[in-house]
Amino acid sequence: MCRNIKPLFNFDPPATDEEIHDAALQFVRKLSGAAKPSKRNEAAFERAVSSIAACARELLDSMETSQPPRDREEVAAKARARTAMRFA
């Protein structure tokens, strides 16, 4: 899985449309092997990003959990701590 795609489910506040779009963009970049599409493929690239973002939003909205929502700042702090230990 692409390291830049972060889990978006069960956070308080919920994932924004921008976060979902960014994850979809990373996914399409990974699949296509291109960070930026050529002019010829730009429309197909954008359609794929929009389609995947819509599917991701539908998935996140339909999922349920009995766990309490995670705090974004707490999760980010733990990730920074892991990174600091890894690259120290």
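Predicted model only: the values in this text are computed from it and were never measured. (Residues numbered from 1 in each chain as written. Predicted model: local features only at pLDDT ≥ 70, side-chain atom pairs only at ≥ 80, totals over all residues. Heavy atoms only, no water.)

A. Structural view of the packing of helix α1 (residues 17-32) against helix α2 (residues 42-62). Packing of α1 against α2 leaves a shortest axis separation of 8 Å and a crossing angle of 130°. In terms of axis orientation, α1 runs oblique to α2. Considering only the axes of α1 and α2, their crossing is right-handed. Only Phe45, Ala48, Val49, Ile52, Ala53, Ala56, Arg57 and Leu60 of α2 make contact with α1, whose side of the interface consists of Asp17, Ile20, His21, Ala24, Leu25, Phe27, Val28, Arg29 and Ser32. Across the contact of α1 with α2, the residue classes tally to 12 nonpolar, two polar and three charged. (Axes fitted to C-alpha atoms, helices over the stretch in contact; angles between N-to-C directions. Helix = DSSP H or I, 4+ residues; strand = E, 2+ residues; numbered from the N terminus. Parallel < 35°, antiparallel > 145°, perpendicular 65-115°, else oblique. Left-handed = near helix turned anticlockwise from the far one by under 90°. Contact = heavy atoms within 4.5 Å. Nonpolar A, V, L, I, M, F, W, Y, C, P; charged D, E, K, R; others polar.)

B. Representation of the nonpolar core in the model. If you look at the biggest cluster of nonpolar residues, it comprises 12 residues: Ile5, Leu8, Ala15, Ile20, Ala23, Ala24, Leu25, Val28, Phe45, Val49, Ala53 and Leu60. A total of five residues in this core trace back to one element, the largest contributor, which is α1. (Core = buried A, V, L, I, M, F, W, Y, C linked by side-chain atoms within 4.5 Å. Buried < 20%, exposed > 50% of the residue type's maximum accessible area, 1.4 Å probe, protein only.)

C. Broad picture of the environment of Ser38. Inspection of the secondary structure puts Ser38 in the loop between α1 and α2. Owing to a relative accessible area of 37%, Ser38 belongs among the partly exposed residues under this scheme.

D. Quick look at the environment of Arg86. Following the sequence through the fold, Arg86 ends up in helix α3 (residues 72-87). Exposure remark for Arg86: the relative accessible area of 56% places this residue in the exposed category. Each C-alpha atom of the pair Arg86 and Asp12 lies 27 Å from the other, and the pair is 74 residues apart in sequence.

E. Geometry of the packing of aromatic side chains. All chains considered together, the criterion is met by zero aromatic pairs. The ring of Phe11 is capped by Arg70, whose NZ or CZ atom sits 4.2 Å from the centre of that ring. (Phe/Tyr/Trp six-rings, centres within 6.5 Å; stacked < 30°, edge-to-face > 60°. Lys NZ or Arg CZ within 6 Å of the ring centre and 35° of its normal.)

F. Local environment of the pattern of salt bridges. According to the stated counting rule, one finds four salt bridges in the structure shown. A salt bridge links Glu19 to Arg72; its shortest N-O distance comes to 2.9 Å. With Glu19 in helix α1 and Arg72 in helix α3, this residue pair connects regions lying 53 residues apart in the sequence. With relative accessibility at 23%, the residue Arg72 sits in the partly exposed group. The closest approach of N and O atoms between Asp61 and Arg57, which form a salt bridge, is 3.4 Å. Here Asp61 pairs with Arg57, and both are found in helix α2, just four residues apart, close to one helical turn. Exposure remark for Asp61: the relative accessible area of 56% places this residue in the exposed category. The exposure class assigned to Arg57 is partly exposed, which follows from its relative accessible area of 22%. (Salt bridge = Lys/Arg side-chain N within 4 Å of Asp/Glu carboxyl O.)

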